[in-house]
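Observations on chain architecture
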Amino acid sequence: MLNWQQEYLDKQGPSLPASVEGFAKKVKPLYRLSEREMAAYAVLNRIDYIVEECPMSKGAKMLLYKEVLNRLEIESPGTKQRFYWGFLEQQARTTPASTSMAEKDQAVLHPCTTCGQPTTAEVCGYCKMMARATAKR
Ligand SMILES: [Zn+2]
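Predicted, not measured: the structure shown is a model, and the values here were computed from it. (Residues numbered from 1 in each chain as written. Predicted model: local features only at pLDDT ≥ 70, side-chain atom pairs only at ≥ 80, totals over all residues.)

**Digging into the overall build of the chain**
The condition is simple: Helix and strand assignments come from DSSP, with helices taken as H or I runs of at least 4 residues and strands as E runs of at least 2, each series counted from the N terminus. Exposure is read from a count of other C-beta atoms within 10 Å of each residue's own; the residue is exposed at 12 or fewer, buried at 20 or more and partly exposed in between. C-beta atoms are placed from the backbone. Contact definition: two residues whose C-beta atoms, as placed from backbone geometry, lie within 7 Å.
Within the chain, the secondary structure is distributed over 6 helices and 4 strands. Burial statistics for the chain: of 137 residues in total, 2% are counted as buried. Of the contacts made within the chain by residues no fewer than 6 positions apart, 36% connect residues no fewer than 24 positions apart.

Structure (C-alpha cells):
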C-alpha cells in the first residue's frame, strides 16, 4: 500500500480464485487471526512451528514494515487488525466479482518452468531464490 501497487493489492485477500486452468483456488482460512493468536494455538496444542525469520529475508523491506506495524500495535493496540480489516472492506468495495480478477490473471500467469507453480515470469521467485542460494554454497 505504501507504493500503491494496485495489481499486487488486488491479489491480496482471504480467497483467490483458480486463476488459470490447472491451478488450485487459494484460501487463507485463518486470515482473521493474529500471528500471536496462531502462535498461542500452536503452543497450547504442541504444534511445532518456526519462530525465526527466513534467513533469505535479511534486509527485506517487509521486515522493516513488520517492525513498524508491531511498534504501532504496542502504542495503539488493535491498529494492525483495523488496518487489515479496513483493507479487506475497501478491497470488497472497489474490486468487482472475483471472476474479473481471474480473467485478468489468465493473460499473465503460467506454470514456472522449474516447479510448475503459477508465476508471471518464466521461473518463479522461489525457484530464482533457491538457484541463488544453491550457487552461493
Ligand atoms: Zn518455481
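**Quick word on helix α2 (residues 35–44)**
Across the 10 residues of α2, 0 count as buried, placing the element largely on the outside. Positive backbone phi, approximately 55 degrees, marks R46, located one or two places after α2.

**Some remarks on helix α3 (residues 61–75)**
As a reminder of what qualifies: One less than the number of residues in a helix, times 1.5 Å, gives the span that helix is expected to have.
Over its 15 residues, α3 extends 21 Å from the first C-alpha to the last, a length consistent with the 21 Å expected when each residue adds 1.5 Å. α3 sits mainly on the outside: 0 of its 15 residues count as buried.

Bear in mind that shape data such as this cannot, by itself, settle questions of function.
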